[in-house]
Amino acid sequence: MDRNSHPYRSVLYIPGSMDRALDKARSLPCDAIIFDLEDAVAPDAKPEARQTLAAALKTGGYGKRFKIVRINALNTAWGLEDVNVLRDAGADAFLLPKVNSPTDVDNLADLLGPDMPIWVMMETPVSVFQAREIASHRQVEGLVTGTNDLTKDLNARYRADRLPLMNALQRIVMAARAARIVAIDGVYNRFRDGDGLKMECEQGRDLGFDGKTLIHPMQIEVTNTAFAPTESEIDLAERQIAAFNESMASGKGIAVVDGNIVENLHVVAAQRVLAKARAVAEMAEE
Ligand code: COA
Ligand code: MG
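Residues numbered from 1 in each chain as written. Chains lettered and ligands numbered in written order. Predicted model: local features only at pLDDT ≥ 70, side-chain atom pairs only at ≥ 80, totals over all residues. Heavy atoms only, no water.

Asks: Would you take a moment to explain the overall build of the chain for this structure?
Replies: In terms of regular secondary structure, the chain is built from 12 helices and 10 strands. Over its C-alpha trace the chain gives a radius of gyration of 20 Å, about what one expects of a compact globule, namely 19 Å for 286 residues. Put simply, the chain has 286 residues, and 50% of those count as buried. Surface accessibility of the chain: about 13900 Å² in total, with carbon and sulfur atoms responsible for 51%. One way to put it: in the chain the 33 positive side-chain charges average out to a point 2 Å from where the 41 negative ones average out. (Helix = DSSP H or I, 4+ residues; strand = E, 2+ residues; numbered from the N terminus. Rg over C-alpha atoms; globule rule 2.2 N^0.38 Å. Buried < 20%, exposed > 50% of the residue type's maximum accessible area, 1.4 Å probe, protein only. Areas by Shrake-Rupley, 256 points an atom, 1.4 Å probe, with all protein chains shown as cover. Lys, Arg positive; Asp, Glu negative; His and termini not counted. Charge placed at Lys NZ, Arg CZ, Asp CG, Glu CD.)

Asks: Could you clarify how one ought to interpret a nonpolar patch on the surface in this entry?
Replies: On the surface, I254, V256 and I261 cluster together into a nonpolar patch covering about 280 Å² of accessible area. Tracing the sequence through the fold places I261 in strand β10 (residues 260-262). (Patch = residues over 30% accessible without salt bridge, like charges linked within 9 Å, V, L, I, M, F, W, Y side chains within 5 Å. Salt bridge = Lys/Arg side-chain N within 4 Å of Asp/Glu carboxyl O.)

Asks: What exactly am I supposed to notice about the site of ligand 1 here?
Replies: Taken together, 17 residues form the shell around ligand 1, and within it Y13, R20, R192, I215 and H216 come nearest. R20 is positioned such that a nitrogen or oxygen atom in its side chain is 2.6 Å from an oxygen atom of ligand 1. I215 is positioned such that a nitrogen or oxygen atom in its backbone is 2.8 Å from a nitrogen atom of ligand 1. Because more than half of its atoms lie within 2 Å of the grid, ligand 1 is assigned to the second largest pocket. Residue assignment for the shell around ligand 1 shows that the elements contributing at least two residues are β1 (10-15) and α1 (19-24). The dominant element in the shell around ligand 1, judged by the number of residues it contributes, is β1, at four residues. Its residues assigned to classes, the shell around ligand 1 comprises 11 nonpolar, one polar and five charged. (Near = heavy atom within 4 Å. Polar contact = N/O pair within 3.5 Å; in protein donor to acceptor, adjacent residues only side chain to side chain. 1 Å grid on protein atoms, 1.4 Å probe; cavity = no way out; pocket = protein on both sides within 12 Å on 5 of 7 lines; lining within 4 Å. Sits in = over half its atoms within 2 Å of the grid points. Nonpolar A, V, L, I, M, F, W, Y, C, P; charged D, E, K, R; others polar.)

Asks: How do you make sense of the coordination of the magnesium ion (ligand 2) when you look at a structure like this?
Replies: The textbook angles at a metal center are 109.5 degrees for a tetrahedron of four donors and 90 or 180 degrees for an octahedron of six. In the first shell of the magnesium ion (ligand 2), the protein supplies E123 (OE) and D149 (OD), at 2.0 to 2.1 Å from the metal. Of the two residues, E123 is situated in the loop between β5 (118-122) and α5 (125-129) and D149 in helix α7 (residues 147-154); the sequence distance between them amounts to 26 residues. The exposure class of D149 is buried, given its relative accessible area of 13%. (Donors = N, O, S within 2.8 Å, 3.2 Å for Na, K, Ca; no water.)

Asks: It is not clear to me how the sheet that holds strand β8 (residues 211-214) should be interpreted in this structure. Could you clarify?
Replies: Within a beta sheet, neighbouring strands are joined by backbone hydrogen bonds and run either parallel or antiparallel to one another. The sheet built from eight strands closes into a barrel, its strands ordered β1-β2-β3-β4-β5-β6-β7-β8 with parallel pairing. Here the average twist between neighbouring strands, direction ignored, is 25°. Alignment of β1 against strand β2 (residues 32-36), held across five bridges, turns out to be parallel. Paired with L12 across the bridge in β2 is I33. The sheet strands contacting helix α10 (residues 220-227) are β1 and β8, and the helix crosses β8 at an angle near 170°. (Pairing = 2+ DSSP bridges. Axes fitted to C-alpha atoms, helices over the stretch in contact; angles between N-to-C directions. Contact = heavy atoms within 4.5 Å.)

Written out as structure tokens, the structure reads:
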């Protein structure tokens, strides 16, 4: 799906085993859902979770929310059966964890066929080094940052400013932008802390992420707000486009708005702001 026509501000994880949460999500204002069979589901619960999830997806009712199924890695005891049970359940994309190379993606693509979009967890140091190659895989349409796994593998510490992760976060955004696909930030673990979440959302947004993965419904509103264009951004974008068009009409290549120059590239950015605002507005119309 085009990252300009569908918003991916809030991407909520739901354990495939949580019947109530699977139902509740039908009325939550998130832009996308990751239906999880991997780390949020205990080994013993995985077979039943597959069936619960397949049934929920077949029942439907998720509206415009983009539906992503996260399977277990294919070198685990569960990955292959996850694909077999969920392949035709109605997901919009499959999310592959613990990816290290485009070959890992190829192995899933072989099972799914060419028409199912694949999203990738970026959560190992090797994946970050391989980000460009992974993001350019023909079937990959989104990168999801796994900040908890990355922190563990890096032997890093949790810091509010996420300095230890900054190199990885930026490489992930760069790889996604180079390949023109979606980039989603990692989760904020202290899920009842709305102020901390807001700061981390704004940091991820400023880095260039399209949205953030979430673990609890109470995180959705803050995230939707942080990743949507503000009224003043929309107003500025409209004025920039109008001023630039006027300048062009009078034979000039540059306009000035609020004391700042507006060139062609600013117009492209302004159009992107308006496209995102439209996508957000359409998402709200059920
Ligand atoms: N998606 C949808 N609904 C959810 C939800 C989620 N991720 N997490 C909780 N809810 C629902 C609950 O079902 C409950 O609904 P109800 O009131 O109808 O019963 C309501 O929200 C309130 O839940 P609450 O009691 O506050 O949560 P909890 O303390 O039971 O659980 C977590 C907290 C973090 C364990 C739980 O939110 C969770 O499992 N989140 C997902 C974790 C995950 O997927 N991790 C993998 C990726 S990092
Ligand atoms: Mg992980």
